[in-house]
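# Coordinates in review
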Amino acid sequence: MRIFFTGGSGKAGKHVAPYLASQGHQVTNADLTPLGHPDVNDLKVDLTDAGQTYSAMAQMASMDELDLPSVPSYDAVVHFAAIPRILLTPDATTYAINILSTYHVLEAATRLGIPKVIFASSETTYGICFAQGERKPLYVPVDEEHPVVPEDSYAMSKVASEVTARSFHARTGSDLYGLRINNVIEPHEYEEYFPDYLEDPSLRRRNVFAYIDTRDLGQMVQRCLTTDGLGFEVFNVANADMSVAATTDEIREQFYEGVELRREMGRDETFYSIDKARQMLGFDPQHSWRDVLADPRA
Ligand SMILES: NC(=O)c1ccc[n+]([C@@H]2O[C@H](COP(=O)([O-])OP(=O)(O)OC[C@H]3O[C@@H](n4cnc5c(N)ncnc54)[C@H](O)[C@@H]3O)[C@@H](O)[C@H]2O)c1
Ligand SMILES: O=C(O)[C@H]1O[C@@H](O)[C@H](O)[C@@H](O)[C@@H]1O
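What counts and what doesn't
- Residues numbered from 1 in each chain as written.
- Chains lettered and ligands numbered in written order.
- Predicted model: local features only at pLDDT ≥ 70, side-chain atom pairs only at ≥ 80, totals over all residues.
- Heavy atoms only, no water.
- Near = heavy atom within 4 Å.
- Polar contact = N/O pair within 3.5 Å; in protein donor to acceptor, adjacent residues only side chain to side chain.
- Areas by Shrake-Rupley, 256 points an atom, 1.4 Å probe, with all protein chains shown as cover.
- Helix = DSSP H or I, 4+ residues; strand = E, 2+ residues; numbered from the N terminus.
- Nonpolar A, V, L, I, M, F, W, Y, C, P; charged D, E, K, R; others polar.
- Phe/Tyr/Trp six-rings, centres within 6.5 Å; stacked < 30°, edge-to-face > 60°.
- Buried < 20%, exposed > 50% of the residue type's maximum accessible area, 1.4 Å probe, protein only.
- Lys NZ or Arg CZ within 6 Å of the ring centre and 35° of its normal.
- Right-handed = clockwise from strand over helix to strand, strands pointing away.
- Pairing = 2+ DSSP bridges.
- Contact = heavy atoms within 4.5 Å.

An unreviewed UniProt entry annotates the protein chain as Uronate dehydrogenase of Nocardioides aquaticus.

So, in C-alpha cells, the structure goes:
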C-alpha cells in the first residue's frame, strides 16, 4: 500500500514506519524533521498548517512516481505526529497543536478520498496517567468501554481527536481506527528501565502497569492496514503481560483495593485489555521484557 505516515521521525514512528516499509508498503514520512531511513521518503511538513497538510497528501511521494501517467492516491494514512505528553510545551499549546494537526490530517484524507486513517490516541484518555494525584481505574481489566474523562490538556487533545475522527466517519463512512497506545518501549529500553520497574511496581501505576513494545505496535498498525470495513473504532494497544514482575493478584491487593474485577485474569496478564484488538484485528503481541531480562519470580 502507499502510506502517508506522520510523525515517522519520533520515538514510535522511527520503528513503525521502517517496519511498514519492510512489509512491502511504500511509506512517506511527513514530519518536521527527517527520519533519514533508506526505505522511507521524508517530507518536511508542518501539520498545524492546513495548506501544507493537504498539499503534502495530494502530491507525489517520490521521484519514481514522475514516470507514472498520473500521481497516485494514498491508500492509507497513519497519523502519529503530536506533542506526545504534557510538560513539553505549555498546556494550551499541546492541546492546540494536537487537535489542529489531527483535524487537518483527517480533513485532507477525507477530501482526498483516502479510505483509511489509523491515528495515535493514548492510554491517557482514561484519565489515570496524568491525573493530579492518584486515580484508579473504575474496573479492571481496563477496556475501551471505560469512561474517558481526563483532566490534562494532552489527554483532552486525544479524546478530542477521537471525537473528530468519529464525526469524519459519520460523513464518509471511511475506516478511522484510533489506537489508544500504552507507554511505548523501544527494544533497547528494557535493560535501561525495567530493572527499576521489576524492583518497584509503583513506578508503573500511572500506566496501569502496562507497556507496548515498538515492534508489537508495528504489528498492530499492519493489522489495521490489512483489516478493512470496521468504520470508526478505538483499540487499546499493549503487550500481553505487565511491565512489572508482580502478579495480577499482588498488584490488585497493593494498588486496586475496591476496584471491580470484571473477569478472571492470568497471573501476569495486562490490566490494559487488548481483547478487542485480538478479536477484531487478530492482534497477537510477540515481545516481552522477559525476552531480555530474567524474571525474578520465575
Ligand atoms: N510515547 C508514548 O509512550 C506514547 C504513548 C501513547 C500514545 N503516544 C502517541 O503516539 C504518537 C507518537 O508518539 P512518540 O512518542 O513517537 O512522539 P515523538 O514526539 O517522539 O514523535 C512525534 C513526531 O511528531 C512530529 N511532529 C510534532 N509536531 C508536528 C507538526 N506540527 N507537524 C509535523 N510533525 C510534527 C515530531 O517532529 C516527532 O518526530 C503520538 O501521537 C503520541 O501522542 C505515545
Ligand atoms: O501518550 C501517552 O499515552 C504516553 O505519554 C508518554 O509521554 C508517557 O510517558 C506515557 O506513560 C504515556 O503512555
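Turning our attention to the site of ligand 1. The full set close to ligand 1 counts 24 residues, and Lys 11, Ala 12, Asp 31, Tyr 154 and Val 184 are the nearest of them. Separating an oxygen atom of ligand 1 from a backbone N or O atom of Lys 11 is a distance of 2.8 Å. A distance of 2.8 Å is found between an oxygen atom of ligand 1 and a backbone nitrogen or oxygen belonging to Phe 80. Compared with its free state, where it exposes 830 Å², ligand 1 has 86% of that area covered by protein. Looking at the shell around ligand 1, the elements that each hand over two or more residues are β5 (116–122) and α4 (153–172). Tallying contributions element by element places β5 first for the shell around ligand 1, with 3 residues. Looking at the shell around ligand 1, its residues break down into 12 nonpolar, 8 polar and 4 charged.

Enumeration according to the criterion identifies 15 aromatic pairs in this entry. With a centroid separation of 5.0 Å and 70° between ring planes, the pair formed by Tyr 190 and Phe 194 is classed as edge-to-face. Here Phe 194 and Tyr 190 lie together in helix α5 (residues 189–199), a separation of 4 residues that amounts to about one turn. Across this residue pair, the class does not change: Tyr 190 and Phe 194 are buried. Ring centres of Tyr 256 and Phe 271 lie 5.2 Å apart, and the angle between their planes is 90°; on these two criteria the pair is classed as edge-to-face. Of the two residues, Tyr 256 is situated in the loop between α7 (248–255) and β11 (260–261) and Phe 271 in the loop between β11 and α8 (275–281); the sequence distance between them amounts to 15 residues. For Phe 271, a relative accessible area of 0% translates into the label buried. An aromatic cluster of at least three residues, connected via ring pairs, comprises Tyr 190, Tyr 193, Phe 194, Tyr 197 and Tyr 211. Stacked on the ring of Tyr 139, the Lys or Arg Arg 262 has its end atom at 3.7 Å from the ring centre. For the cation-ring pair, Lys 276 lies above Phe 235, with the distance from its terminal atom to the ring centre recorded as 5.1 Å.

Buried residues dominate β5, accounting for 7 of its 7 residues. The alternating pattern of β5 places Lys 116, Ile 118, Ala 120 and Ser 122 on one face and Val 117, Phe 119 and Ser 121 on the opposite face, and all of these are buried. Each parallel crossover has a hand, and the one from strand β4 (residues 76–79) via helix α3 (residues 91–111) to β5 is right-handed. Relative to strand β7 (residues 175–181), β5 runs parallel, the two sharing 7 bridges. Bridged to Ser 121 within β7 is Arg 180.

A separate point is the site of ligand 2. Around ligand 2, the neighbouring residues are Pro 84, Arg 85, Ser 122, Glu 123, Thr 124, Cys 129, Phe 130, Tyr 154, Ile 181, Asn 182, Asn 183 and Asn 207. At a separation of 3.4 Å, an oxygen atom of ligand 2 approaches a polar backbone atom of Asn 183. Between ligand 2 and Asn 207 there is a distance of 2.6 Å, counted from an oxygen atom to a side-chain nitrogen or oxygen. Summarising the interface, the protein chains cover 76% of the accessible area of ligand 2, which totals 310 Å² for the free molecule. Grouping the constituent residues of the shell around ligand 2 by class yields 5 nonpolar, 5 polar and 2 charged.

Moving on, we come to the environment of Arg 263. Assignment of secondary structure puts Arg 263 in the loop between β11 and α8. With 123 residues separating them along the chain, Arg 263 and Val 140 place their C-alpha atoms 7.9 Å apart. Ignoring anything within four residues of it in the chain, the contact list for Arg 263 reads Val 140, Pro 141, Glu 269, Ser 273 and Asp 275. Side chain to side chain, Arg 263 and Asp 275 meet in a polar contact 3.0 Å long.

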